[in-house]
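# Coordinates in review
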Amino acid sequence: MELTNELITLLKETVNGGLYQLILSNARNKEKAFKVKIRPVMLRNELLFQETVYQGTKVFHENYRNTEIIPRIGNYLLQDFKQCEIEHTNKKAVILVSKKGKMTIKEKAVIQDLEERADAVWKNRPDMAKHERTGISLSHNRAKKYILEEGGAIPFLMDLGIQGKDGQVIRAKYDKYRQINRFLEFIEDILPALPKDREIQIVDFGCGKSYLTFAIYYYLHELKGLDVAITGLDLKEDVIERCRGLAEKYGYRKIRFIRGDIAEYEGLTAADMVVTLHACDTATDYALDKAVKWGAKVILSVPCCQHEVNKQISCQKLQPLLQYGIVKERMSALITDALRADILKVRGYETDLLEFIDMEHTPKNILIRAVRKKEPTAERRQEEKDKIADVMEFLQIEPTLWKLSESTTGQGIE
């Protein structure tokens, strides 16, 4: 099997200008990588191609020059993927690879004035100069294609004041729109960890106005066709009543909203995914502990107001740093979330700390993503526990999640 002249010509035309994105999918070996995205970026006045590789629950990024990216795409088609979708300013193309290695190319012209496309994309960005809006930007801040596409009217986004009746995003709500789509990208990454043959149980602790609760249901049920049941929990009765009314209005019969406290909630015995965004201080710890006890396959948490460690921390060697209130506060927040991630690892999760949204949009920008994996051996678990204990002793702290984990069996973390 080898690349055809037709394919080589198409790839050269694609990367030499006008590429929006290229997606390789239908992997031959999903454990190696189940998807690859390639898009142009301009870095230090040089045109490069950013390759994003999705492997399990991990995502890897690397930049290549145009002379390097063409052979990589070719090798992916020859060895790893059976499908390639190309989005270009003047064409769309799909490359299909049969079981016998035959490559078929299907192309479709896109006839649309580039300036009209730019004006449509930037309709809610009048602050952009016209010369900045025309053409397709290659910077990291260029208009991107979101999971919930702008221009398509989505009922819950309209009722929550994010979209207008025409489906366009309200300018003042654009940050919230980006935040919702960013979160759905995290959901997209962990899809392989969720069951496909039965109802998926999801709990959203501290759901608030339920921007993300409705977004998760819409994405998984409406767009992906999965059987999903979501429980949203919050302390505010008026918020819960409003969310119940909206769920009924949309016909989302498998979303229920309950008024209650995270620490005291006992309404479930098992869950597949637990979401907790901006649960204040130790409420995050109670949510994480319940998620583990329920055997949740996925945990997505954006902590908030990490006061506990800030009140406890005391370390003579770090005192020159801790004397500054703002430094102490930020260090304590980072230490809190790092220890939470480490404790989840001890309890059988593969855990990452990721940027949820740019710092300019919200200071609460760290997301803890934990995916259930094989339980560590008793020896390995004890080694990791000892490392955490050393850190806590050095800083004179004892986070709530550690205490909850220790009390699970009375004999330590299981």
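Description of the structure in this document. (Residues numbered from 1 in each chain as written. Predicted model: local features only at pLDDT ≥ 70, side-chain atom pairs only at ≥ 80, totals over all residues. Heavy atoms only, no water.)

## Description of the overall build of the chain
- Counting its regular elements, the chain contains 14 helices and 14 strands.
- The buried share among the 414 residues of the chain stands at 47%.
- Only carbon and sulfur atoms are counted for the fraction: they give 48% of the accessible area of the chain, which is about 21,300 Å². (Helix = DSSP H or I, 4+ residues; strand = E, 2+ residues; numbered from the N terminus. Buried < 20%, exposed > 50% of the residue type's maximum accessible area, 1.4 Å probe, protein only. Areas by Shrake-Rupley, 256 points an atom, 1.4 Å probe, with all protein chains shown as cover.)

## Remarks on the packing of aromatic side chains
- This structure, assessed with the given rule, holds 14 aromatic pairs.
- Aromatic pair Phe 205 and Tyr 265: ring centres 6.2 Å apart, planes at 80°, arrangement edge-to-face. Placement of the pair is Phe 205 in strand S8 (residues 200-205) and Tyr 265 in the loop between strand S10 (255-259) and strand S11 (273-280), with a sequence separation of 60 residues. You'll find Phe 205 and Tyr 265 in the same group, each marked buried.
- Taking the centre distance of 4.7 Å and the plane angle of 40° together, the rings of Tyr 217 and Tyr 252 count as tilted. (Phe/Tyr/Trp six-rings, centres within 6.5 Å; stacked < 30°, edge-to-face > 60°.)

## Observations concerning the pattern of salt bridges
- Following the criterion strictly, the structure yields 25 salt bridges and no others.
- With a shortest N-O distance of 3.5 Å, Asp 272 and Lys 297 are connected by a salt bridge. Within this pair, whereas Asp 272 is found in the loop between S10 and S11, its partner Lys 297 is found in the loop between helix H9 (283-293) and strand S12 (298-304), the two being separated by 25 residues in sequence.
- Of the residues examined, Asp 272 reaches a relative accessible area of 3% and is grouped as buried.
- According to the relative accessible area criterion, Lys 297 is partly exposed, its value standing at 29%.
- Among the salt bridges present, the one from Arg 340 reaches Asp 285, with a minimum N-O distance of 2.8 Å. In this pair, Arg 340 is assigned in helix H12 (residues 325-346) and Asp 285 in helix H9, connecting sequence segments 55 residues apart.
- Judged by its relative accessible area of 3%, Arg 340 falls in the buried class.
- Owing to a relative accessible area of 2%, Asp 285 belongs among the buried residues under this scheme.
- Three or more residues are tied together by salt bridges with common partners; here these are Glu 237, Glu 241, Arg 244 and Arg 259. (Salt bridge = Lys/Arg side-chain N within 4 Å of Asp/Glu carboxyl O.)

## Observations concerning a positive patch on the surface
- Together, Lys 173, Lys 209, Lys 236 and Arg 242 give the surface a local cluster of positive charge.
- Within the fold, Arg 242 resides in helix H8 (residues 237-250). (Patch = residues over 30% accessible without salt bridge, like charges linked within 9 Å, V, L, I, M, F, W, Y side chains within 5 Å. Lys, Arg positive; Asp, Glu negative; His and termini not counted. Charge placed at Lys NZ, Arg CZ, Asp CG, Glu CD.)

## Points about unusual backbone geometry
- Of note, the phi angle at Asn 26 is positive, near 55°, even though the residue is not glycine.
- A positive phi angle, near 60°, is found at His 278, a position not held by glycine.

Everything listed is a geometric property; what it means functionally is a separate question.
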